[in-house]
Amino acid sequence: MIRAAEAMVRCLRSEGVKVVFGYPGAAICPFYDELYRSDIHHVLVRHEANAGHEASGYARITNKPAVCIATSGPGATNLLTAIATAYADSIPLICITGQVSTDQIGCDVFQEVDITGAAQPFVKHSYLVKDAAMLPRIFKEAFYLAGTGRKGPVLIDVPVDIQNTLIDFEYPETVSMRTYKPTVKGNPMQIKKICEAVENAKRPLICAGGGIFLAGAEKELIEFAEKAKVPAVSTMMGLSLFPTDHPLYLGMLGMHGVKSANRAVNECDTMILIGARVGDRAVKSPTFLAENKQIIHIDIDPAEIGKNIPVDIPLVGDCKTILSELAEKIGEVSHDEWLSELAEIKNDIPENEETEGFINPKVFLRKLSDRMPSDTVCVADVGQNQIWCCNNYGIKEGGRFMTSGGMGTMGYSVPCAVGAKMAAPEREVIAVCGDGSFQMQMMELATIMQEKIAVKIIVMRNNYLGMVRELQTKGYGDRQIAVSLDGSPDFVALARAYGIESERVSTMAEAEEKIEKLASSDKSYLLECDVYSLESTL
Amino acid sequence: MKHTISVLVENHAGVLSRVSGLFSRRGFNIDSLAVGETDDPAISRITIVADGDEHTAQQIEKQLNKLVDTMKVRTLAPDELLARELQLIKVNATPSQRSEILTICEIMGAKIIDMTANTLTIEISDSTVHLKRMHDLLEGYGIKEIVRTGVIAIQKGSVTIK
Ligand SMILES: Cc1ncc(C[n+]2csc(CCOP(=O)(O)OP(=O)(O)O)c2C)c(N)n1
Ligand SMILES: [Mg+2]
């Protein structure tokens, strides 16, 4: 017999977990006591939301469920934003929370909160453990649920007395749930129909979403697109599936997307949505699209098909197997006319003016990406900085771009970058954020120092919650309220106070030199960029 | 449009709140929800009557299917189902009205299960339409209280949802 807390650690080890992100407290102490005895590396975050975001970054790079931990009550509620953020982007997380003792549940005791209840609308599944003997099966199921089908966060809430119960431990080798059987293989009839539709289309277009990363189908996507000679746009979550300069690629579509991508969307006759959920920021009026084109929708989640857009050819299944079958079965096709039309739009890139004494963020990000190694991971935060990044940070072969797409959670970039760096220490990882969002996550500089990892941070300082300011300017008669960030500190001095190398850059003339410093440093580095406050998003 | 949906779920703690939470979160309207164990105590059946267009009905079915505890979801077409609801009705009844009400109950297939000097308590189980008629018939006497279970439904013939 072993203590259930030890069993929890053994479950994690059986799943191959090497790193966990968390923050302790009384109700999770037995589990921490067992972590103390294990070789699992624990990263101490400085706020529980960041434990979730760091696990998210880690999960997105490894494409496996990653683990975050919080104590009961306030620890668990602090984690909620990260759980919801992961849910919106289908990121596989295992969220472990401590809970008050089973005999006290429901009595409103100290640090008691019904976290499975609170998180219910935005978890894939959750468990409140009432029988310690069930723990091994619950962990097995949780990892299976989080990492298969449409991925997502799974919450395991473990009362402190349960953690201290002695149980017989045996980790189940397999999992079988009679109620959960995700569809993996695509229906062959539908695959045939899609091939015919693409072969017959004059102006087909791929819209590639984040589901393709989750399926690990990056290679298969490119193979299919190249063989079928179909041009592609991506959603925000699908950014970096195609290198920016790929001849078939037209950029990000949608409200904050680029002209070439949106024109392609408007002018195509057949749209192949893959691992994309037709979110409102990507497709403003789905009915208009559906009326004018043939819509093909491929997704692992049957509920996404037909949810936001009427579909002509639906196909449920795993994008990886489906795309490789499509690549194999698609016949000889050419869409030369369509492609050359699109090539012209693509080359039509708008000029950016520069404002004296400031960094032009768009030009700066292009220069930055030119300098960084091709496999760099770039994480964008939320706001104008995010859109600047989406549309200007150039992705090279093997590069990766990540952001909080579905929720648009400010404060995501630095912790996500920390998680990504822990997962891929050999790769460069950059977080790009705004001065507002940086102040929601700057406590993680301490985590970076404690972990001695090299994360590069760009803070776009426009002294405003720029995106909201712009919204107030355009939509509310320029009545600016609660958007000025007066009172913000000197971020360079702040970073240095943590022991992180840091500099400020205010003119484009110095940009390359500062980028060089950031890129060539083997330590963490924060670069504060002075950006004109009225710089526009697009 | 009304949709009758039969859902088989694992009989776990918290399942009902996941199901009802789904309806409120996605803005689906529930008319009634009835839940009970099946012949297998590990499985519960939830019968839901929901209101919405065809697209909503499809979404309800898909979203219910997505819940990890859901085993099976089936929307029953109106012409393939037998639906029943149980109601208990407490109605004012003076001694002189009793025999009238008794006749109504006999004709409508209801049963009197309790009685006081000036009330009768009636039990009736039937289709929603029939219950509405019963309600209209009793309304004139003064209905004091109605308790209803919500609709449960089963398919006609020998087919089953298992
Ligand atoms: C947690 C959170 N709170 C509020 C918002 C709403 N919001 C979206 S963009 C934005 C402004 C972000 O400001 P900053 O980080 O300085 O970026 P900028 O737009 O100036 O580049 C705000 C407040 C949000 N997305 N997330
Ligand atoms: Mg700002």
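Residues numbered from 1 in each chain as written. Chains lettered and ligands numbered in written order. Predicted model: local features only at pLDDT ≥ 70, side-chain atom pairs only at ≥ 80, totals over all residues. Heavy atoms only, no water.

Attention shifts here to the packing of aromatic side chains. Residue and element names in this part refer to chain A. Counting across every chain of the model gives eight aromatic pairs over all chains. For the ring pair Phe31 and Tyr32, a centre distance of 6.3 Å and an interplane angle of 80° mean the geometry is edge-to-face. The class for Phe31 is buried, based on a relative accessible area of 0%. A centroid spacing of 5.5 Å and a plane angle of 45° characterise the contact between Phe358 and Tyr532, whose relative ring orientation is tilted. Within this pair, whereas Phe358 is found in the loop between helix H14 (336-346) and helix H15 (361-371), its partner Tyr532 is found in the segment after strand S20 (525-530), the two being separated by 174 residues in sequence. For Phe358, a relative accessible area of 28% gives the class partly exposed. Geometry around Phe213 places Arg400 over its ring, the cationic atom sitting 3.7 Å from the centre. (Phe/Tyr/Trp six-rings, centres within 6.5 Å; stacked < 30°, edge-to-face > 60°. Buried < 20%, exposed > 50% of the residue type's maximum accessible area, 1.4 Å probe, protein only. Helix = DSSP H or I, 4+ residues; strand = E, 2+ residues; numbered from the N terminus. Lys NZ or Arg CZ within 6 Å of the ring centre and 35° of its normal.)

Residue and element names in this part refer to chain A. With respect to the helices and strands, the residue Ile295 is situated in strand S13 (residues 294-299). The exposure class assigned to Ile295 is buried, which follows from its relative accessible area of 0%. Residues Ile295 and Ile309, 14 residues apart in the sequence, show an inter-C-alpha distance of 8.5 Å. The residues touching Ile295, leaving out its near neighbours within four places in the chain, are Met271, Leu273, Leu289, Ala290, Ile309, Pro310, Val311, Asp312 and Ile313. (Contact = heavy atoms within 4.5 Å.)

Residue and element names in this part refer to chain A. Residues in contact with ligand 1 amount to 17 residues; listed here are only the nearest, Gln384, Gly408, Asp435, Ser437 and Gly466. Here an oxygen atom of ligand 1 sits 2.9 Å away from a polar atom, N or O, in the main chain of Met467. Those elements giving two or more residues to the shell around ligand 1 turn out to be helix H16 (384-392), helix H18 (435-438) and helix H20 (466-475). Its residues assigned to classes, the shell around ligand 1 comprises seven nonpolar, nine polar and one charged. (Near = heavy atom within 4 Å. Polar contact = N/O pair within 3.5 Å; in protein donor to acceptor, adjacent residues only side chain to side chain. Nonpolar A, V, L, I, M, F, W, Y, C, P; charged D, E, K, R; others polar.)

Here we come to the domain arrangement of chain A. Residue and element names in this part refer to chain A. By domain assignment, chain A separates into domain 1 (2-167), domain 2 (188-346) and domain 3 (361-530). Between the C-alpha centres of domain 2 and domain 3 the distance comes to 30 Å. Domain 2 puts 13 residues into the contact, and the matching count from domain 3 is 16 residues. When domain 2 packs against domain 3, close to 1,100 Å² is buried across both sides, 65% of that on carbon and sulfur atoms. Of all residues in domain 2, Met236, Ser240 and His256 give up the largest surface area on contact with domain 3, accounting jointly for 40% of the area buried on that side. On inspection of domain 2 and its partner domain 3, the count reaches zero salt bridges. Where domain 2 packs against domain 3, one counts three residue pairs in polar contact (both at pLDDT 80 or more). Along the lines of polarity and charge, the residues of the side of domain 2 that touches domain 3 split into eight nonpolar, four polar and one charged. (Domains from an automatic or database assignment. Buried area = accessible area lost by both parts, 1.4 Å probe. Salt bridge = Lys/Arg side-chain N within 4 Å of Asp/Glu carboxyl O.)

Residues and elements named next belong to chain A. Within the protein, Asp435 (OD), Asn462 (OD1) and Tyr464 (O) serve as the donor atoms for the magnesium ion (ligand 2), at 2.0 to 2.1 Å. Positions of the donor residues of the magnesium ion (ligand 2) along the chain correspond to the pattern D-x26-N-x1-Y. Separated by 29 residues along the polypeptide, Asp435 in helix H18 and Tyr464 in the loop between strand S18 (456-461) and H20 bring together distant segments of the chain. By relative accessible area, which is 23% here, Tyr464 ends up partly exposed. (Donors = N, O, S within 2.8 Å, 3.2 Å for Na, K, Ca; no water.)

This part covers the domain arrangement of chain B. All names here are of chain B. The domains assigned to chain B are domain 1 (2-76) and domain 2 (82-153). Taken together, the contact between domain 1 and domain 2 spans seven residues of the former and five residues of the latter. Buried surface at the junction of domain 1 and domain 2, both sides included, amounts to about 410 Å², of which 66% is carbon and sulfur. Counting the surface domain 1 buries against domain 2, the share from its top three residues, Ser32, Ala34 and Thr47, is 60%. Inspection of the region where domain 1 meets domain 2 yields zero salt bridges. In terms of residue count, the dominant contributor to the side of domain 1 that touches domain 2 is strand S2 (residues 29-37) (three residues). Of the residues that constitute the side of domain 1 that touches domain 2, the class distribution is four nonpolar, three polar and no charged.

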